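# An overview of the molecular structure
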Amino acid sequence: MHQKKIAETTYLRYLGLANKFIIPSLGRIALRNVTKKHIKSLLESMSMCGQSARSAQQARALLSVAFNYAIEMEIVLANPVTLVQNPSLPTAKRNPLSMEETHKLIKSVSETFMAARIQIAVICGLRQGEALGLRWADVDLEKKIIHVRVQVQRKNKVRQFVPLKTKSSQRALFVDDSTIELLRAHKAMVNSMRLAAGSQWIDRDLVFPNKVGNFIQSKWDYEKCPWNIYELTKV
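Residues numbered from 1 in each chain as written. Predicted model: local features only at pLDDT ≥ 70, side-chain atom pairs only at ≥ 80, totals over all residues. Heavy atoms only, no water.

## With respect to the environment of N210
Operational definition: Counting from the N terminus, the helices are the DSSP runs of H or I reaching at least four residues and the strands are the DSSP runs of E reaching at least two. Any two residues having at least one pair of non-hydrogen atoms within 4.5 Å are treated as being in contact.
With respect to the element layout, N210 can be found in the loop between α7 (177-197) and α8 (218-224). What N210 contacts, discounting residues up to four positions off in sequence, is M193, W201, F215 and I216.

Okay, here's the thing in structure tokens:
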């Protein structure tokens, strides 16, 4: 049941944690006999194996969901996971681009198919799934507004439009003239791609399609964009 509520990538991550750590550590212990000590031992063993604090957090969360379901099914009376402190994450160091570095990055893809893609990421702040799921119906070139309504994710091994995680993720972004200019030029490129593809074109109304109009693979997005921006901006 929980699988239907989470993204496929998250499900696969949880499945890997269960098979590699949780089941080998706790699989032979009856649920009613699992204690705080068992769970702490599991998390400590993950740390000793070189797993990150984030992985330990995810394993703990998965166990908690399982025990809550066991309570609902009247298999156990309490959730021992609640007695175990959540592993703390190290403070992430952020190195935002300077204005000069941002200009260099944008200039590096000027007049290419990825110019608008970089602009949307750097200036508008769209996440990858949001950007690759952006449709022309969500872009108002006249009013200079981008509506972020859906995202692209792999689900049942197929890329498809899915709702954003929360209602607050849905938003309208007012964009500047330079972004609108790039999007107009980009739309002309997409129209040329459509004509070249002919009957092979898959009309998903995507702002950033592949050569036949379908969803871009996440890997392709990284390969085609100079995301190693810190090396790029040193040039």
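## Structural notes on the packing of aromatic side chains
The test is simple: Whether two aromatic rings pair depends on their centres lying within 6.5 Å, for rings of Phe, Tyr and Trp, where Trp uses its six-membered ring; planes under 30 degrees apart make the pair stacked, over 60 edge-to-face, and the rest tilted. Definition used: whenever NZ (Lys) or CZ (Arg) falls within 6 Å of the ring centre and also within 35 degrees of the ring normal, the charge is taken to sit over that ring.
Summed over the entire model, instances satisfying the criterion amount to one aromatic pair. Between the NZ or CZ atom of R117 and the centre of the ring of F208, over which it lies, the distance is 5.9 Å. Just above the ring of F161 sits the side chain of R135; from NZ or CZ to the centre is 5.3 Å.

## Focus: the sheet that holds strand β2 (residues 145-148)
The condition that has to hold: Two strands make a pair as long as DSSP finds a minimum of two bridges between them.
The three strands lie next to each other as β1-β2-β5, forming an open sheet whose pairing is antiparallel. Single-partner strands in this sheet number two, and they are β1 (139-140) and β5 (171-174). Of the pairings in the sheet, the one linking β2 to β5 comprises four bridges and is antiparallel in character. Paired with I146 across the bridge in β5 is L173.

## Observations regarding the packing of helix α2 (residues 36-48) against helix α3 (residues 53-72)
To keep things clear, this is the line we draw: Axes here refer to lines fitted to C-alpha atoms; in helices the fit is confined to the stretch in contact. Angles between the N-to-C directions go from 0 to 180 degrees. Any angle between 65 and 115 degrees counts as roughly perpendicular, while under 35 counts as roughly parallel, over 145 as roughly antiparallel, and the rest as oblique. Two helices that cross are described as forming a left-handed crossing if the nearer one is turned anticlockwise from the farther one by less than a right angle, and a right-handed crossing if clockwise. Lys, Arg, Asp and Glu make up the charged group, whereas Ala, Val, Leu, Ile, Met, Phe, Trp, Tyr, Cys and Pro make up the nonpolar group; the residues left over, Gly among them, are polar.
Packing of α2 against α3 brings their axes to within 9 Å, and their N-to-C directions diverge by 150°. When the axis of α2 is compared with that of α3, the two are roughly antiparallel. Seen from above, α2 lies across α3 with right-handed handedness. The residues of α3 that touch α2, namely those facing I39, L42, L43 and M46, are S55, A56, A59, R60 and L63. Across the contact of α2 with α3, the residue classes break down as seven nonpolar, one polar and one charged.

## Some thoughts on the pairing of strand β3 (residues 150-155)
Of the strand pairs in this sheet, β3 and strand β4 (residues 158-163) are connected by six bridges, and their pairing is antiparallel. Bridge pairing in β4 places Q153 opposite Q160. Here β3 folds back onto β4, and the loop between the two strands holds two residues, one of which, N156, carries a positive phi near 55°.

## Here we look at the environment of Q151
Test applied: Any pair of N or O atoms that falls within 3.5 Å is considered a polar contact. Within protein, one atom must be able to donate a hydrogen and the other to accept it, and sequence-neighbouring residues count only if both atoms are side-chain atoms.
For Q151, the location among the structural elements is in strand β3. Taking the C-alpha atoms as reference points, Q151 and V139, separated by 12 residues in sequence, lie 14 Å from one another. Every residue in contact with Q151, bar those within four places of it in the chain, is listed here: G129, E130, G133, Q160, F161, V162, P163, L164 and K165. Within the local environment of Q151, its side chain forms a polar contact with the backbone oxygen of P163, the two atoms lying 3.2 Å apart.

## Section: unusual backbone geometry
Peptide bonds are trans in most cases, and residues, glycine excluded, mostly fall at negative phi. This is how the line gets drawn: Between buried and exposed lies partly exposed: a residue is buried under 20% and exposed over 50% of the maximum accessible area for its type, with that area taken using a 1.4 Å probe on protein chains only.
The phi dihedral of E111 falls on the positive side, at around 65°, and the residue is not glycine. Tracing the backbone through its elements, the reader meets E111 in the loop between α4 (99-108) and α5 (115-122). We classify E111 as exposed; its relative accessible area is 76%. Backbone geometry at K144 places phi at a positive 60°, although glycine is not the residue there. A relative accessible area of 30% means that K144 is categorised as partly exposed.

## So, the nonpolar core
Put simply, the rule is: Only buried residues count toward a nonpolar core. Its members are Ala, Val, Leu, Ile, Met, Phe, Trp, Tyr and Cys residues joined through side-chain atoms within 4.5 Å.
Core analysis: the biggest nonpolar cluster contains 26 residues, and I120, L126, V139, I146 and L183 have the highest contact counts within it. Of all the elements in the fold, those that place two or more residues in this core are α5, α6 (128-132), β2 and α7. Top element by residues in this core is α7. It accounts for five residues. The next biggest cluster of nonpolar side chains, apart from the first, holds 20 residues, and it includes A18, L43, F67 and V81.

## A look at the pattern of salt bridges
Formally: When a carboxyl oxygen of Asp or Glu lies within 4 Å of a side-chain nitrogen of Lys or Arg, that pair is called a salt bridge.
Counted under the stated rule, the structure contains eight salt bridges. Between R149 and D138 there is a salt bridge, with the nearest N and O atoms lying 2.9 Å from each other. On the criterion of sequence distance, the pair formed by R149 in the loop between β2 and β3 and D138 in the loop between α6 and β1 is long-range, its members being 11 residues apart. Classification of R149 as partly exposed rests on a relative accessible area of 37%.

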